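Here are the chains, one letter per residue:
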Amino acid sequence: MSATRLLLSCVNSRVSLIGFDLDLGKPFWYCPANQLRACGICYEGSALWVASDSSLTCVTAQGMRSVALPGPQANYVHSIKSAGHGLLGVADTGNSRLLLFDGTHFPLSYSPLEGFGANLPLDAVHLNDFLPVEDGFLVSTFSHQPFSRWKQTSFAWQKEGLGCLFHLKPVLGQTSARIAAAGLNCPHSLQAYAGAIYCCSSSEGDFLRLERQGDQLWQVSMRLHVTDTHFLRGALRLEDGWMLGGSSPRHLKQGGGMQLYRLYDDGRSQTFQVGGPGEIYDILFWQDFLPDLCDVLFDAPEQPSDGCDPPRCRLPGEYR
């Protein structure tokens with residue numbers, strides 16, 4: 001693992017993965033979106049798992065394989081990360097649930113709207129991320145109304161503070177759901193650190209710390225304003241602070257292309273320009289096994305596109 005090199009995943013962008021060198025302050029590699037589409041990413045051993053649309057893709061030195069998510073709705077899959085006990089968790093946003101994945105099958109699922117039955121609308125509350133906690137999971141949602149009034153009111157959901165964190169746990173074969181935090185604006189990128197939870201308030205450009213108040217209730221204890229021009233999403237804890245991602249097309253005030261915001265624990269901050277218009281979703285440390293995976297992605301068949309994607313990119317020799 002390199003502490004000065006990062007792997008970024010980008011959604012709704014011309015490139016899906018970016019290698020970024022913090023020492024030089026610039027990218028050193030990318031994967032075009034017509035070779036692989038991405039949203040959330042995570043590592044499992046020496047494999048890279050990529051979540052996008054209605055499937056998961058596993059990239060290893062031996063090749064690539066994809067697994068389709070179950071319906072009934074289109075999945076709009078967002079985050080993927082370890083759920084403990086050898087399982088991966090997947091935010092199945094279209095079906096408003098958290099799926100647990102054993103590498104082949106999806107044996108378990110949890111939903112804050114499980115009691116609404118089979119007629120749940122597509123992407124009802126925009127469940128996008130999760131964290132394992134003591135006896136279940138915290139999941140982040142945008143708009144607990146719960147039937148997505150924001151879909152009919154343009155960007156009103158960015159201002160109304162209808163975002164929630166839900167605490168989900170299994171009880172007698174069903175999901176027990178309770179609101180663990182409320183009044184949030186577009187919560188994304190949940191991270192646990194030093195007994196607290198951190199997340200991006202994406203539309204406001206704020207970075208939040210939430211501390212536990214009672215039994216699985218969490219209250220905002222820090223709000224740090226980071227940007228007026230970018231949709232804040234993607235968070236990685238560094239040794240001396242945090243790295244956050246800034247997406248440009250998602251923000252009402254256009255502020256150039258993708259950016260990284262480095263927040264130091266001593267109050268300093270630093271901004272890095274990543275590239276042109278695009279949306280950063282996840283940020284991970286660069287791993288030593290990634291060069292072999294870059295070669296696999298370089299040789300991947302091209303997927304249908306509008307022909308405007310950048311050319312394939314070989315990983316430079318100095319990064320091998």
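Residues numbered from 1 in each chain as written. Predicted model: local features only at pLDDT ≥ 70, side-chain atom pairs only at ≥ 80, totals over all residues. Heavy atoms only, no water.

Of all nine residues making up helix H1 (residues 290-298), seven are buried, and the element is well covered by its neighbours. All of the buried residues in H1 are Leu290, Pro291, Leu293, Cys294, Val296, Leu297 and Phe298. (Buried < 20%, exposed > 50% of the residue type's maximum accessible area, 1.4 Å probe, protein only. Helix = DSSP H or I, 4+ residues; strand = E, 2+ residues; numbered from the N terminus.)

Looking now at the packing of aromatic side chains. Per the counting criterion, the structure on display carries 14 aromatic pairs. Judged by centre distance (5.8 Å) and plane angle (75 degrees), the ring pair of phenylalanine 20 and phenylalanine 272 falls under edge-to-face. With a gap of 252 residues between them, phenylalanine 20 in strand S2 (residues 15-21) and phenylalanine 272 in strand S23 (residues 269-273) connect regions that are remote in the sequence. Phenylalanine 272 matches phenylalanine 20 in its accessibility class, with the two residues each being buried. (Phe/Tyr/Trp six-rings, centres within 6.5 Å; stacked < 30°, edge-to-face > 60°.)

With that settled, the discussion passes to the sheet that holds strand S19 (residues 218-225). Reading across the sheet, the four strands line up as S16-S17-S18-S19 and stay open at both edges, with antiparallel pairing between neighbours. Only two strands of the sheet have a single partner each, and these edge strands are strand S16 (187-193) and S19. On average, each strand axis in the sheet is tilted by 25 degrees relative to the strand beside it, whichever way the strands run. Note: S16 against strand S17 (residues 196-201), five bridges, orientation antiparallel. Along S17, the bridge assignment pairs histidine 188 with cysteine 200. (Pairing = 2+ DSSP bridges. Axes fitted to C-alpha atoms, helices over the stretch in contact; angles between N-to-C directions.)

What follows is about the state of the cysteines. On inspection of all chains with the given rule, the structure shows zero disulfides. Cysteine cysteine 186 remains unbridged, with the sulfur of cysteine 199 as its closest cysteine sulfur at 11 Å. The exposure class of cysteine 186 is buried, given its relative accessible area of 1%. The thiol of cysteine 200 is unpaired, and the distance to the nearest cysteine sulfur, on cysteine 199, comes to 6.9 Å. A relative accessible area of 0% places cysteine 200 in the buried class. (Disulfide = S-S within 2.5 Å.)

A separate point is the pattern of salt bridges. This model, assessed by the stated rule, comprises 15 salt bridges. Of the charged contacts in the structure, one is a salt bridge between arginine 97 and aspartate 92, with a shortest N-O distance of 2.6 Å. Each member of the pair, arginine 97 as well as aspartate 92, carries the same accessibility label: buried. The salt bridge involving arginine 237 is made with aspartate 265; its shortest N-O contact spans 2.7 Å. Here the residue arginine 237 occupies a position in strand S20 (residues 231-238), and aspartate 265 occupies one in the loop between strand S22 (259-264) and S23, the gap between them amounting to 28 residues. (Salt bridge = Lys/Arg side-chain N within 4 Å of Asp/Glu carboxyl O.)

Before going further, it helps to spend a moment on the side chain of asparagine 34. Among the secondary structure elements, asparagine 34 is positioned in the loop between strand S3 (26-32) and strand S4 (41-44). Discounting residues that sit within four places of it in the chain, asparagine 34 has contacts with Pro301, Glu302, Gln303, Ser305 and Asp309. (Contact = heavy atoms within 4.5 Å.)

Attention now moves to the environment of lysine 81. Here lysine 81 shows up in strand S8 (residues 80-84). For lysine 81, a relative accessible area of 17% corresponds to the buried category. Sequence separation between lysine 81 and leucine 98 is 17 residues; the distance between their C-alpha atoms is 11 Å. In this view, lysine 81 contacts Cys42, Leu88, Gly89, Asp129, Phe130, Leu131 and Leu190; residues no more than four positions away in its chain are not counted. At 3.1 Å, the side chain of lysine 81 and the side chain of aspartate 129 are in polar contact. (Polar contact = N/O pair within 3.5 Å; in protein donor to acceptor, adjacent residues only side chain to side chain.)

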